[in-house]
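Residues per chain are reported as follows:
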Amino acid sequence: MKEFFEDIKEIKYEGPKSKNPLAFKFYDKDRMILGKKMSEHLPFAMAWWHNLGANGTDMFGRGTIDKSFGKLDPMEYAKAKVDAGFEFMHKLGIEYFCFHDVDLVVEDKDINVTNKRLDEISDYIYLKMQETGIKCLWGTANMFSNPRYMNGAGSTNDAYVYAFAAAQIKKALDITVKLNGKAYVFWGGREGYETLLNTDVKFELDNIARLMHMAVDYGRSIGFKGDFYIEPKPKEPMKHQYDFDASTAISFLKEYHLDNDFKLNIEANHATLAGHTFNHELRISAINHMLGSIDANQGDYLLGWDTDEFPSDVYEATMCMYEVIKAGGLTGGFNFDAKCRRPSNTFKDMFEAYILGMDTFALGLINAEKIISDGRIDDFVKEKYSSFTNTELGKLILDDKMDLKSLSDFALNMKEMATPISGKQEYLLAIINQILFGMKNE
Ligand code: XUL
Ligand code: CO
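Note that this is a predicted model, so its numbers are computed, not measured.

Engineer: Any details on the site of ligand 1? Residues and values, ideally.
Structural biologist: Ligand 1 sits among Trp49, His100, Trp138, Phe144, Trp187, Glu231, Lys233, Glu267, His270, Asp295, Asp306 and Asp337. Residue Trp49 places a side-chain N or O atom 3.3 Å away from an oxygen atom belonging to ligand 1. Within the side chain of Glu231, an N or O atom sits 2.7 Å from an oxygen atom of ligand 1. Against a free-state accessible area of 290 Å², the protein chains account for coverage of 94% of ligand 1.

Engineer: Any details on the coordination of the cobalt ion (ligand 2)? Residues and values, ideally.
Structural biologist: Around the cobalt ion (ligand 2), the donor atoms from the protein are Glu231 (OE), Glu267 (OE), Asp295 (OD) and Asp337 (OD), and they sit 1.9 to 2.1 Å away. One can describe the donor arrangement at the cobalt ion (ligand 2) as octahedral, given that its 6 donor atoms subtend angles of 81 to 171° at the metal. Along the chain, the residues donating to the cobalt ion (ligand 2) fall in the pattern E-x35-E-x27-D-x41-D. Linking Glu231 in the loop between strand S10 (227-230) and strand S11 (240-241) with Asp295 in strand S13 (residues 291-295), this pair joins segments that are 64 residues apart in sequence. Exposure remark for Glu231: the relative accessible area of 4% places this residue in the buried category.

Engineer: I'd like to hear about the pattern of salt bridges, residue by residue, with values.
Structural biologist: Under the definition given, this model contains 24 salt bridges. Of the charged contacts, one joins Lys79 and Glu120 as a salt bridge, the two residues approaching to 3.3 Å between their closest N and O atoms. Within this pair, whereas Lys79 is found in helix H3 (residues 74-92), its partner Glu120 is found in helix H5 (residues 111-132), the two being separated by 41 residues in sequence. Owing to a relative accessible area of 38%, Glu120 belongs among the partly exposed residues under this scheme. A cluster of three or more residues bridged by salt bridges with shared partners is formed by Glu3, Glu87 and Lys91.

Engineer: Go over helix H10 (residues 278-287), please, and point to the residues and values.
Structural biologist: Along H10, the residues that are buried comprise Phe278, Glu281, Leu282, Ile284 and Ser285. Down the axis of H10, the buried side of the element spans an arc of 165°, and every buried residue falls inside it. Looking at the buried side of H10, the elements it contacts are helix H8 (246-255), strand S12 (262-267), helix H9 (268-273), S13, helix H11 (314-326) and helix H12 (347-374). Residue His289 follows H10 closely and has a positive phi angle near 55°.

Engineer: Requested: an account of the packing of helix H6 (residues 159-178) against helix H7 (residues 201-221), with residues and values cited.
Structural biologist: Each pair of packed helices can be described by the angle between their axes along with the distance between the axes. Where H6 contacts H7, the axes come no closer than 10 Å and their chain directions differ by 30°. When the axis of H6 is compared with that of H7, the two are roughly parallel. For the pair H6 and H7, the sense of crossing is right-handed. Side by side, H6 and H7 meet where Tyr162, Ala165, Ala166, Ile169, Lys170, Leu173 and Asp174 of the first sit next to Asn207, Arg210, Leu211, Met214, Ala215, Tyr218 and Gly219 of the second. Within the contact of H6 with H7, the residues separate by chemical class into 9 nonpolar, 2 polar and 3 charged.

Engineer: Run through unusual backbone geometry, naming residues and quoting values.
Structural biologist: The omega angle of the peptide bond from Glu236 to Pro237 is 10°, so this bond is cis rather than trans. With respect to the secondary-structure elements, Pro237 resides in the loop between S10 and S11. For Leu34, which is not glycine, the phi torsion reads 50° and is therefore positive. Here Leu34 falls in the partly exposed class, since its relative accessible area comes to 45%. Positioned with a positive phi, Asn180 is a non-glycine residue whose angle comes to about 60°.

Engineer: Break down the layout of surface pockets for me, citing the residues and quoting the values.
Structural biologist: Empty space among the atoms can be located by rolling a probe the size of a water molecule over them. Each pocket or cavity is described by its volume, and for the largest pocket that value is around 1,600 Å³. Lining the largest pocket we find 47 residues, and of these His50, Thr57, Asp306, Asp308 and Lys339 sit closest to its centre. A class-by-class count of the residues in the lining of the largest pocket yields 17 nonpolar, 13 polar and 17 charged. The calculated volume of the second largest pocket comes to roughly 870 Å³. Along the wall of the second largest pocket there are 26 residues; nearest its centre are Asn279, Arg283, Tyr322, Glu323 and Ile377. Mapped by element, the contributors of at least two residues to the lining of the second largest pocket are H10, H11, helix H13 (376-384) and helix H17 (425-437). Partitioned by chemical class, the residues of the lining of the second largest pocket number 15 nonpolar, 5 polar and 6 charged.

Engineer: I'd like a description of a nonpolar patch on the surface, backed by residues and values.
Structural biologist: A cluster of nonpolar side chains, Val381, Tyr385, Phe388 and Leu398, forms an exposed patch at the surface whose accessible area comes to about 380 Å². Relative to the helices and strands, Phe388 resides in helix H14 (residues 386-389).

Quick notes on the rules
- Residues numbered from 1 in each chain as written.
- Chains lettered and ligands numbered in written order.
- Predicted model: local features only at pLDDT ≥ 70, side-chain atom pairs only at ≥ 80, totals over all residues.
- Heavy atoms only, no water.
- Near = heavy atom within 4 Å.
- Polar contact = N/O pair within 3.5 Å; in protein donor to acceptor, adjacent residues only side chain to side chain.
- Areas by Shrake-Rupley, 256 points an atom, 1.4 Å probe, with all protein chains shown as cover.
- Donors = N, O, S within 2.8 Å, 3.2 Å for Na, K, Ca; no water.
- Tetrahedral: all angles 85-135°; square planar, octahedral: opposite > 155°, others 65-115°.
- Helix = DSSP H or I, 4+ residues; strand = E, 2+ residues; numbered from the N terminus.
- Buried < 20%, exposed > 50% of the residue type's maximum accessible area, 1.4 Å probe, protein only.
- Salt bridge = Lys/Arg side-chain N within 4 Å of Asp/Glu carboxyl O.
- Arc of directions from axis to C-beta.
- Contact = heavy atoms within 4.5 Å.
- Axes fitted to C-alpha atoms, helices over the stretch in contact; angles between N-to-C directions.
- Parallel < 35°, antiparallel > 145°, perpendicular 65-115°, else oblique.
- Left-handed = near helix turned anticlockwise from the far one by under 90°.
- Nonpolar A, V, L, I, M, F, W, Y, C, P; charged D, E, K, R; others polar.
- 1 Å grid on protein atoms, 1.4 Å probe; cavity = no way out; pocket = protein on both sides within 12 Å on 5 of 7 lines; lining within 4 Å.
- Points joined across faces, edges and corners; volume = space filled by probe spheres on them.
- Patch = residues over 30% accessible without salt bridge, like charges linked within 9 Å, V, L, I, M, F, W, Y side chains within 5 Å.

The values are spatial; any link to function lies outside them.
This is the structure:
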């Protein structure tokens, strides 16, 4: 079969000293860390839309890379994308992919034609999956590009649009189940509003939840056993998006009794747009038993939009992997919802981008293991709360044996407070620096 990336061979691990741009320096898939292979800690996925679709187009200019794969006919183009995608994943050793319905085929005006195309392409993908062992991490429906969704999909004012959203979700679920996807995602790009002057917020939230319940009922009825995910994002394209951040999405899921079927897909760049760190969003999800999957990318702190860059920040990746390990791993995976920068306009750049991302997370994993086995951070956190665990008073509080009056009496009796325990932030940051930069990453 014709190769799309014929100059590029399978990418191998060559170690930290290698200067070969087409080799892994840190991602050594069989290396054992905390009793598991690196590849098991890091189930990476390719995002169909960015890798096989995004061509560098921005608000000010046309594309800079041709990703037509030499085909004009819609089905030939769709199949060429599949072939290119599987060649790409195979060469990088990526085990999973994620897709939107309209990433797979060109959308027709008539949704029935689009659906026929989806049937055909998913048969083709299914065969490729059997041949290669590559798997589907999650599927989703794109309910934000088509003009009919200008006022939202689940949150639309228009019952006819709502029916189209249902049709797309149904088909995307059918395909996700056919391809044995682990999960199904809702990213609510248009589920929000620009002004309250034309918006009934309660109506819209109720209707989003109603559609999600329909999706769960239908998914379970066709044998979907995986998780549904909400992918929080505070803004862009809408000014206010309902799934603002992990906390907001969790309370929505609980309010509408969707929390047994849903978890969260946390994207690094969405976290920073919400004014949070990536690890904050992971921690909030984990403590609510809702950490499902990760969209692995990063933003630019100087830019206020979703730049979807490949992760290169080892510090962030370390903090991410620390949370993931502490949470017992992901049920989902690490989807590179990331694209090359506009001037990185060659197929080789795409490979180098994935190598950067995979090596960054490998370093994050190596470092997180070191932080955990070093133990000083964990010890300090324990110590910080020790007045609750190691004193009579603390134990009474935690055992719910105190009330406001008895606690007040206790304080009045003490008269004065001793110096509170230091938070020791600088000591802790110095430990992280020592572990990250003072010890070898081999
Ligand atoms: C948009 C985004 C989406 C979702 C899937 O910011 O992250 O690509 O991941 O719809
Ligand atoms: Co995403």
